[in-house]
Amino acid sequence: MFYEGKIFRPPSEAKSIILQITVGCRHNACTFCTMYKDKSFRIKSRTEIHEIIAIAQAQDSDAERIFLADGDAIAVDNSLLIEILDQLYKKFPRLKRVGIYGGPKDILAKSPEELAELKTHGLTIVYLGVESGNEGILSSVCKGVTALEMIEAGQKVKSSGLTLSCTVIIGLGGKAHSHEHATDTAQVISKIDPEYLGALTLMLEPEAPLTKAIKNGSFQILTPFESLSELRTLLSELKVSNCVFRSNHASNYLPLRATLPQDRNALLQTLDSVIDNQTLERLRPDYWRGL
Ligand code: SF4
């Protein structure tokens, strides 16, 4: 498959065909993110999209999962997205799910009816980067939406019947705002109540704007055990109805998996035991961590 630039996908889409229907991220302004800084956002033409669908079909017509990239493919106009989804289910007879990254601004730009229409045509799961629920942090990292707008975007996806997977970034408030980052993020995620929640731990490329703040001393990155304590606070305050939580992304120090709320106590006990005993050998070493 031919791709423009580097391709990113959520860990749970490891077995999916990645179909690049857009290039880059329309927002492309978050100060911690360098994923698409070398790309100008564009939606591929119908012709290009039909070509890559044909290539993917030739490679694996038995595929059961497809992920629509790049960073904000939900920005594609509904009529084209529906055409793509219909084509995919026609060309891949065993297809069971189609996933997509959805930036909050582009989710908000769609009406509830448009999102429900995408669900009817086979879009299955939307991945939303919430990152933080704290107003000050969202603004300082240039996420482009307020906490209330983030809640609205998440709730909109959920009420359309689509499955929602949210991600948050442990350490995004640095040492100075660790507590409010954890508690406000727990509040926002509780209000959204997603089916899946993934935690990443802040890692920065040298060219990320936030790296400059570390260099000039205005942002202090958390230690591994401070990151776990922040995650513990977040999980202890989370009120979700039925959510699969994972910290299996390569950036994390401790891979965890649980269904909340039922596994909360076991999860907190695991975290307490690692934090209290400062069990370094349980943690992924820094040289194994990755973005
Ligand atoms: S919206 Fe997502 S992909 Fe785009 S710049 Fe922000 S974190 Fe990166």
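Residues numbered from 1 in each chain as written. Predicted model: local features only at pLDDT ≥ 70, side-chain atom pairs only at ≥ 80, totals over all residues. Heavy atoms only, no water.

Trainee: Explain the state of the cysteines here, please?
Mentor: Working definition: the covalent bond between the sulfur atoms of two cysteines is a disulfide. Per the counting criterion, the structure on display carries zero disulfides. The closest cysteine sulfur to the non-disulfide-bonded C166 is located on C243, 7.9 Å from its own sulfur. (Disulfide = S-S within 2.5 Å.)

Trainee: Explain the site of the ligand to me, please; I cannot follow it from the model alone.
Mentor: The immediate surroundings of the ligand are formed by C25, N28, A29, C30, F32, C33, M35, Y36, E131 and K143. Residue composition of the shell around the ligand, by class: seven nonpolar, one polar and two charged. (Near = heavy atom within 4 Å. Nonpolar A, V, L, I, M, F, W, Y, C, P; charged D, E, K, R; others polar.)

Trainee: Help me out: how do you make sense of the environment of D272 in this one?
Mentor: Within the element layout of this structure, D272 appears in helix α10 (residues 264-276). In sequence terms D272 and L228 are 44 residues apart; their C-alpha atoms lie 8.9 Å from each other. (Helix = DSSP H or I, 4+ residues; strand = E, 2+ residues; numbered from the N terminus.)

Trainee: Can you help me understand the pattern of salt bridges in this one?
Mentor: Opposite charge on two side chains makes pairing possible when the charged atoms of those side chains draw close. Under the defined criterion, the tally for this structure stands at 12 salt bridges. In this structure, the salt-bridge partner of E64 is K96, at a minimum N-O distance of 3.2 Å. With a gap of 32 residues between them, E64 in the loop between α1 (46-59) and β4 (65-69) and K96 in the loop between α2 (78-91) and β5 (97-101) connect regions that are remote in the sequence. By relative accessible area, K96 is classed as exposed at 57%. A salt bridge links K175 to E226; the shortest N-O distance between them is 2.7 Å. Residue K175 is located in the loop between β7 (163-170) and α7 (178-192), and its partner E226 is located in helix α9 (residues 224-237); the two are separated by 51 residues in the primary sequence. On the accessibility criterion, K175 (38% relative accessible area) is partly exposed. Several salt bridges share partner residues, and in doing so they unite E4, R42 and E48 into one network. (Salt bridge = Lys/Arg side-chain N within 4 Å of Asp/Glu carboxyl O. Buried < 20%, exposed > 50% of the residue type's maximum accessible area, 1.4 Å probe, protein only.)

Trainee: Please explain the sheet that holds β4 as it appears in this structure.
Mentor: By definition, the strands of a sheet pair up through backbone hydrogen bonds, in either a parallel or an antiparallel sense. Taken in spatial order, the eight strands of this open sheet run β1-β4-β5-β6-β7-β8-β9-β10, and their pairing is mixed. Looking at which strands have only one partner, the edges of the open sheet turn out to be β1 (17-20) and β10 (257-260). Averaged over all adjacent pairs, the angle separating strand axes in this sheet is 25°, with direction ignored. Of the pairings in the sheet, the one linking strand β8 (residues 196-201) to strand β9 (residues 243-246) comprises three bridges and is parallel in character. Bridge pairing in β9 links Y196 to V244. (Pairing = 2+ DSSP bridges. Axes fitted to C-alpha atoms, helices over the stretch in contact; angles between N-to-C directions.)

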